[in-house]
Amino acid sequence: MKQLEIFIAFFRSSILGYGGGPSTIPLVYKEVVDTYKWMKDEEFSEILAIGNMLPGPINTKLAGYIGYRIGGIIGMLNAIIATTLPTILLMIILLTSLSSFKDIKWVNGMKESIVPVVGVMLGVLTWQFYQSSKKGLKTPTILIHLVVGLFLIQFLHLHPAIIIGGLLIFAIFQPVKATSSNDHKTRKGSTNE
Amino acid sequence: MIYWKLFLSFLITNLLGYGGGPATIPLIQNDVVTQNHWLTQQEFHEAFAMGNALPGPIATKMAGYIGYKIGGIFGSFIAVFATVIPSLLLMILLIGLLYKNRDSIRVKRMTAYVKPTIVVLLGLLTFQSFSDSFHDIGAFQVIFIAVCTFFLMEKCKIHPAFVVLGALIYGAINL
């Protein structure tokens, strides 16, 4: 029965959400904390924070980890399948049938009219990522990143993996400056409370 | 060996995509369209539009579809596996270590440092889709469709599925 509950919880939170994984997190929260009471609010927040420390899609990390905690390896696979499989199947069916019509005038019209919609969606996503990058960096620093990044990618044709890899190494090995002692103090302060 | 290439491609894109599934979109495009020519830019646009119209996580939908197109059902499995399992395994195995370092500045910096590069990649992708579209259907149609999309999605908060459907109907009749 537990496995059935895992399936229902993650199927429901995935099929009711749109806008990619991060925007469906409140729905996962509702199932895991409110409906099935598998964990408390704080524990869920901690798991979410830890998931965000790692790269890749957040939704499947949450589903897989929570599924694993509740139902072992089977629970993990179950939760991932419930999260991903139904919409992947829909995606394959819809796109394969769209591409099976070739050189029909109205189908080509449909394909062309979708591109500006994609442009807007990508533009909105760009803006959201720009806004959220302000949480970690100051605006002048972001602008330098943007200009240098644009130059490296667009004019030197450097593979993005090399740039991101370099940035990650820099993030790990760059010495932690004065701000770190502040951070240490506030952490000490909060543990004393 | 196509399955091995698929696996590596989706493994690397997802290990670099800090900021959740949407952050991996421009990295997937770069690998799948620019480097490997598995999909045309137009096919990528269609997949992204459909992925946004359907519910659920976007990165796995893209991986599942692209994998299927390149290597059938097994290809789809490989691409989704490479997207989901590595970072999930890291999480399950390293949860204690991650928990201890959850306030570490170095770890927090990683996501912060990567984000502007994702902004650049997404911005370039936005520019490319508009310039492709100008070339295909002309400025007037592009601006008309883009303004309607923005208004319906961002101001009226209409579900993207209906916006995509509306654009498809408009295209079938008018273009």
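Just so you know, these numbers come straight off a predicted model, no measurement behind them. Position labels on residues start from 1 in each chain and follow its written sequence. For naming, the first written chain is A and the first written ligand is 1, with later ones following in the order written. Restriction of local features to residues with pLDDT of at least 70 applies here, the model being predicted, together with a cutoff of 80 or more for giving and counting side-chain atom pairs; totals for whole chains, interfaces and linings are based on all residues. Remark: hydrogens and water are excluded; side-chain values derive from all non-hydrogen atoms of the structure.

J.: Is there a simple way to think about the overall build of chain A in this case?
T.: Put simply, DSSP H or I for four residues or longer makes a helix, DSSP E for two residues or longer makes a strand, and each gets a number counted from the N terminus. Secondary structure assignment for chain A yields eight helices and zero strands. Helices and strands appear in chain A in the N-to-C order α-α-α-α-α-α-α-α. For every residue, the accessible area obtained with a 1.4 Å probe (protein chains only) is divided by the maximum for its type, and the residue is called buried under 20%, exposed over 50%, and partly exposed between those limits. Taken across its 193 residues, chain A has 45% of its residues classed as buried. Whether two residues are in contact is decided by their heavy atoms: any pair within 4.5 Å suffices. Restricting the contact set of chain A to residue pairs at least 6 apart, pairs at least 24 apart contribute 42%. Here, Shrake-Rupley sampling with a 1.4 Å probe gives the accessible areas, and only protein chains in the shown set may cover a residue. Of the roughly 10200 Å² of accessible surface on chain A, a fraction of 68% belongs to carbon and sulfur atoms.

J.: Can you help me understand the interface of chain A and chain B in this one?
T.: Often, the extent of an interface is quoted as the loss of accessible area upon association of its parts. With 88 residues of chain A at the interface, the matching set in chain B holds 93 residues. Once two parts are joined, some of their accessible surface, as seen by a 1.4 Å probe, is lost; buried area is that loss totalled over both. Both faces considered, chain A and chain B share a buried interface measuring about 8600 Å² in area, 79% of it formed by carbon and sulfur atoms. Polar contacts, as counted here, are pairs of nitrogen or oxygen atoms within 3.5 Å of one another; within protein the pair requires one atom able to donate a hydrogen and one able to accept it, and residues that are adjacent in sequence qualify only if both atoms are side-chain atoms. Linking chain A to chain B there are 15 residue pairs in polar contact (both at pLDDT 80 or more). When contributions to the side of chain A that touches chain B are tallied by element, the ones reaching two or more residues are helix H1 (2-15), helix H3 (41-53), helix H4 (58-100), helix H5 (105-133), helix H6 (139-155), helix H7 (160-173) and helix H8 (179-192) of chain A. Residue contributions to the side of chain A that touches chain B peak at 24 residues, all from H5 of chain A. Of the residues assigned to the side of chain A that touches chain B, the class counts are 52 nonpolar, 29 polar and seven charged. Nonpolar residues are Ala, Val, Leu, Ile, Met, Phe, Trp, Tyr, Cys and Pro. Charged residues are Asp, Glu, Lys and Arg, and all others, Gly as well, are polar.

J.: Where do I start with the layout of surface pockets in this structure?
T.: In this approach the atoms are scanned with a rolling probe the size of a water molecule, which exposes any empty space left behind. Empty space within the second largest pocket amounts to approximately 450 Å³. A 1.4 Å probe that fits but cannot get out identifies a cavity on a 1 Å grid over protein atoms alone, an open set with protein on both sides within 12 Å along at least five of seven lines counts as a pocket, and a residue lines either if it has an atom within 4 Å of a point. Ile81 and Leu85 of chain A together with Ser76, Phe77 and Val80 of chain B are, among the 16 residues lining the second largest pocket, the residues nearest its centre. Residue assignment for the lining of the second largest pocket shows that the elements contributing at least two residues are H4 of chain A together with helix H4 (58-100) of chain B. Across the lining of the second largest pocket, the residue classes tally to 14 nonpolar, two polar and no charged. Grid points are joined across faces, edges and corners, and a volume is the space filled by probe spheres set on the points.

J.: Sorry if this is basic, but what is going on with the packing of aromatic side chains here?
T.: The geometry of two aromatic rings is summed up by the distance between their centres and the angle between their planes. Only rings of Phe, Tyr and Trp enter the pairing, Trp through its six-membered ring, and a pair is recorded when the two centres are within 6.5 Å. The plane angle decides the type: under 30 degrees is stacked, over 60 is edge-to-face, the rest tilted. Tallied over the entire structure, the rule returns 13 aromatic pairs over all chains. Here Tyr29 of chain A and Phe44 of chain A contribute two aromatic rings whose centre-to-centre distance is 5.2 Å and whose plane-to-plane angle is 80°, an arrangement assigned as edge-to-face. Of this pair, Tyr29 of chain A sits in helix H2 (residues 25-35) while Phe44 of chain A sits in helix H3, and the two are 15 residues apart along the sequence. We classify Tyr29 of chain A as partly exposed; its relative accessible area is 25%. Of the residues examined, Phe44 of chain A reaches a relative accessible area of 2% and is grouped as buried. Taken together, the aromatic side chains of Tyr3, Trp4, Phe7, Phe74, Phe77 and Phe81 of chain B make up a single cluster linked through ring pairs.

J.: Help me understand the state of the cysteines in this model?
T.: Cysteine sulfur pairs qualify as disulfides if the two atoms are within 2.5 Å. This model, assessed by the stated rule, comprises zero disulfides over all chains. Free of any disulfide, Cys148 of chain B has its nearest neighbouring cysteine sulfur in Cys156 of chain B, separated by 10 Å.

J.: How do you make sense of the pattern of salt bridges when you look at a structure like this?
T.: Where charged atoms from two side chains of opposite charge approach closely, those side chains can pair. A side-chain nitrogen of Lys or Arg and a carboxyl oxygen of Asp or Glu constitute a salt bridge if their distance falls within 4 Å. On inspection of all chains with the given rule, the structure shows four salt bridges over all chains. Linking Glu31 of chain A and Arg12 of chain A is a salt bridge whose minimum nitrogen-to-oxygen distance equals 2.8 Å. One end of the pair, Glu31 of chain A, is in helix H2; the other, Arg12 of chain A, is in helix H1, with 19 residues separating them in the sequence. We note a salt bridge from Glu43 of chain B to Lys69 of chain B, for which the minimum N-O separation is 3.1 Å. Taken as a pair, Glu43 of chain B in helix H3 (residues 41-53) and Lys69 of chain B in helix H4 lie far apart in primary sequence, 26 residues in all.

J.: It is not clear to me how the side chain of His145 of chain A should be interpreted in this structure. Could you clarify?
T.: Counting through the fold element by element, His145 of chain A comes out in helix H6. Judged by its relative accessible area of 18%, His145 of chain A is buried. Setting aside its immediate chain neighbours within four residues, His145 of chain A contacts Leu137 and Leu167 of chain A together with Tyr113 and Pro116 of chain B.

J.: Explanation requested: helix H5 (residues 105-155) of chain B in the structure shown.
T.: Quick reminder: α-helices carry 3.6 residues per turn. Residues three or four places apart thus point the same way. Residue and element names in this part refer to chain B. Multiplying one less than the number of residues by 1.5 Å gives the expected span of a helix. Counted at 1.5 Å a residue, the expected span for H5 with its 51 residues is 75 Å, but the 37 Å between its end C-alpha atoms falls short. Its axis deflected by about 115° at Ile137, H5 carries its strongest bend there. At the N-terminal boundary of H5, the capping side chain belongs to Ser104, with an oxygen 3.2 Å from the backbone nitrogen of Arg106. Looking one or two residues beyond H5, the residue adopting positive phi is Lys157, at roughly 55°. Fitting one axis to the seven residues ending at a residue and another to the seven starting there, the bend at that residue is the angle between the two axes.

J.: I'm lost on the environment of Pro55 of chain B in this one. Help?
T.: Residue and element names in this part refer to chain B. As for its position among the elements, Pro55 is in the loop between H3 and H4. What makes Pro55 buried here is its relative accessible area of 15%. With 106 residues separating them along the chain, Pro55 and Ala161 place their C-alpha atoms 8.7 Å apart.

J.: Please explain the packing of H5 of chain B against helix H6 (residues 160-174) of chain B as it appears in this structure.
T.: For any two helices packed against each other, one specifies the inter-axial angle together with the distance between the axes. Residue and element names in this part refer to chain B. Axis geometry follows a simple rule: fit a line to the C-alpha atoms, using only the stretch in contact for helices, then measure angles between N-to-C directions, giving values from 0 to 180 degrees. The contact between H5 and H6 brings their axes to 10 Å, and the two run at 155°. As the angle between them shows, H5 and H6 are arranged roughly antiparallel. Between H5 and H6 lies a crossing of right-handed hand. Judged by residue contacts, Gln141, Phe144, Ile145, Thr149, Leu152 and Met153 of H5 engage Pro160, Val163 and Tyr170 from H6. Taken together, the residues of the contact of H5 with H6 sort by class into seven nonpolar, two polar and no charged. Note that the term roughly parallel is reserved for angles under 35 degrees, roughly antiparallel for angles over 145, roughly perpendicular for angles of 65 to 115, and oblique for everything else. Here a crossing is taken to be left-handed if its near helix is turned anticlockwise relative to the far helix by less than a right angle, and right-handed if that turn runs clockwise.

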